[in-house]
Amino acid sequence: MALSSSSSDQDVAWEAREAGLFRRTPLIYSPTLSEQCQHDVYLKLDCLQASGSFKDRGMGHLCMELKKQGSNKLISSSGGNAGLAVASTGKQLGMIVQVIVPETTKSMVVAKLKSLGAEVTVFGENWNAADQLARQKVDQDATASYISPYDNPLLWTGHSTLIDEIVQDLKEQQQASFKGIGTLLVSVGGGGLLCGVLEGLERQAFKTKVLAAETVGASSFGQALEKGELVRLDSIDSIATSLGALEVTAATLERIQSSKQSTTLSAICTDAQAVHACLSLAQDHRLLVEPACGAALAVAYSEELRTKYLTNDGGHSDGPIVIQVCGGSGVNVDLLAQWKQEFGL
C-alpha cells in the first residue's frame, strides 16, 4: 500500500499525537555536558517514549494513516526498536502485528514484542535478511501492509515532530536569547530519523549543523556521504546492532543535498566510545540507552570527538547543542555492566 506524506507548519501528525501514539518528550539542560563542551547542551529525551525510542513518532503517524485507509494487519522487519513501536502502536489501534527480527536481536526485546501481542519470527543474520522475509510475507497476504523500520515518508514526517518540540521548548527556556538550534547530534542507522530531522528543520527554517553519528562497524551513512552515493556494507560489526542497516535510504543523501536550512556531516565513533557515553548518561542523568543512541552522545562525551566534531562548528554556534537521545529498548542494568567490563571502562 503506497503512501506519501503531507504536512504543514501546524499540527503535523496531530491525529497520532491526539490518539496518544507518541508523546511530547522533555528537553532538559545538561550541566555536565555544557561544562565539558563549553557551550549550552540540551538533551531531547525520546528515550521516554512508550516503546523506549523515538520510533513511536513515525510509527504512530504511519500506522494511523494505514488504519484510516482500511488496513488491519501490519508486518514489520526490525532489529527491535521499530518492531516494538509497531507492536505498541498496533495494539493501541487494534491491529494485527507480525514482526520479523534478525538473529542478533536480544532475547529481552523478543520477550517485549511478544508481551505486546506481536507474532515474532526470528530469521537471518542481519536486518536485511529479516526484511526480505517480511516483504515476502506481505506479498503473500493481500490484507497486510508492509512497515519499514525507516524507509517511508510518513515515518519521516512523524519523526520530524521532535524538531517542532525542540524549537518550542527552546523558545520557552531561552526566551529572548533564543537563536535556533546551533548543532544537532543524532544517531543514524537506516536514515529514517535523519530524514525526519531534516524535514523538521526545513519546516522551522533555522540554519543548523547536523552531526549524524554512527559506529565504525555500522558506518553505511558516513561512507555514503563521503562518496556521494549509496554504499552497501558487507556486514555489521558493531555492538550498536540497532544501527544495523547495511545501506541507508537514498532519501538521506537527497535531502542533505537539497536542504536549504542545514549542513549535515558524518561523525564516527568506536563501540567503546558509544558504550562510555551510555555509562556517562546513566551516571549524569539516570537514564539507560542503547549503544546506538550512545553514538550521538559520544560526540559530546568523548574529548577526542568533541575536539574533532564540535570545536570547529561550521559557523552555526549561535544556538545551543541539542542531542537527540533516541533511546532503545535493548538495554538494562546488567547489560550496561557487561558492556562496561567488556570494554574495560
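This structure is a prediction, so every number in the text was calculated from the model and none was measured. (Residues numbered from 1 in each chain as written. Predicted model: local features only at pLDDT ≥ 70, side-chain atom pairs only at ≥ 80, totals over all residues. Heavy atoms only, no water.)

Student: Can you help me understand the overall build of the protein chain in this one?
Tutor: Scanning the protein chain from terminus to terminus reveals 14 helices and ten strands. By the compact-globule yardstick of 20 Å for 345 residues, the protein chain fits well, its C-alpha radius of gyration being 19 Å. Dimensions of the protein chain, computed from the C-alpha atoms along their principal axes, are close to 55 × 45 × 40 Å. Relative to its 345 residues, the protein chain shows a buried fraction of 61%. Considering only intrachain contacts with a sequence separation of at least 6, the fraction spanning at least 24 residues in the protein chain is 72%. Within the structure as shown, the protein chain displays about 13900 Å² of accessible surface, and the carbon and sulfur contribution to it stands at 45%. In the protein chain, the 28 positive side-chain charges and the 38 negative ones have mean positions that sit 4 Å from each other. (Helix = DSSP H or I, 4+ residues; strand = E, 2+ residues; numbered from the N terminus. Rg over C-alpha atoms; globule rule 2.2 N^0.38 Å. Buried < 20%, exposed > 50% of the residue type's maximum accessible area, 1.4 Å probe, protein only. Contact = heavy atoms within 4.5 Å. Areas by Shrake-Rupley, 256 points an atom, 1.4 Å probe, with all protein chains shown as cover. Lys, Arg positive; Asp, Glu negative; His and termini not counted. Charge placed at Lys NZ, Arg CZ, Asp CG, Glu CD.)

Student: Looking at this structure, how should I read the sheet that holds strand β9 (residues 262–269)?
Tutor: What links the strands of a sheet is backbone hydrogen bonding, and the strands pair in either a parallel or an antiparallel sense. Ordered in space as β1-β2-β10-β7-β8-β9, the six strands form an open sheet in which the pairing is mixed. Strands with a single pairing partner mark the edges of an open sheet, and in this sheet they are β1 (27–29) and β9. Geometrically, the sheet is characterised by an average inter-axis angle of 25 degrees between neighbouring strands, direction not taken into account. Judged from the three bridges that link them, β1 and strand β2 (residues 41–45) form a sheet pairing that is antiparallel. Its bridge partner being in β2, Ile28 is matched across the sheet by Leu43. On the sheet, helix α13 (residues 303–310) packs against β7 (183–187), β8 (208–215), β9 and β10 (321–325) and is oriented at approximately 155 degrees with respect to β9. (Pairing = 2+ DSSP bridges. Axes fitted to C-alpha atoms, helices over the stretch in contact; angles between N-to-C directions.)

Student: How should I be thinking about helix α3 (residues 55–68) in this particular structure?
Tutor: In an α-helix, one turn spans 3.6 residues; hence positions three or four apart end up facing the same way. Along its 14 residues, α3 runs 20 Å from first to last C-alpha, staying within 8% of the 20 Å computed at 1.5 Å per residue. Across the 14 residues that make up α3, a large majority, twelve, are buried. All buried positions along α3 are accounted for by Lys55, Asp56, Arg57, Gly58, Met59, Gly60, His61, Leu62, Cys63, Met64, Glu65 and Leu66. Positive phi appears at Gly70, one or two residues downstream of α3, with a value of about 105 degrees. (Expected span 1.5 Å × (residues − 1).)

Student: Got a minute to help me understand the pattern of salt bridges in this structure?
Tutor: Side-chain pairs of opposite charge can arise where the charged atoms are in close proximity. According to the stated counting rule, one finds twelve salt bridges in the structure shown. Lys68 is the partner of Glu65 in a salt bridge, and the nearest nitrogen-oxygen pair spans 3.3 Å. Of this pair, Glu65 and Lys68 both sit in helix α3, separated by three residues, roughly a single helical turn. Classification of Glu65 as buried rests on a relative accessible area of 17%. Judged by relative accessible area, which is 47%, Lys68 ranks as partly exposed. One salt-bridge network, held together by shared partners, links Arg17, Lys44, Asp46, Arg57 and Glu165. (Salt bridge = Lys/Arg side-chain N within 4 Å of Asp/Glu carboxyl O.)

Student: Just checking my understanding: could you explain the sheet that holds strand β4 (residues 96–101) for this structure?
Tutor: Strand order across the open sheet formed by four strands is β5-β4-β3-β6, with parallel pairing between neighbours. Lying at the two open borders of the sheet, with one neighbouring strand each, are β5 (119–122) and β6 (144–147). The average angle at which neighbouring strand axes cross in this sheet is 20 degrees, direction not considered. In this structure, strand β3 (residues 73–77) lies alongside β6, joined through four bridges in parallel fashion. In the sheet register, Leu74 faces β6, and the bridge partner there is Ser145.

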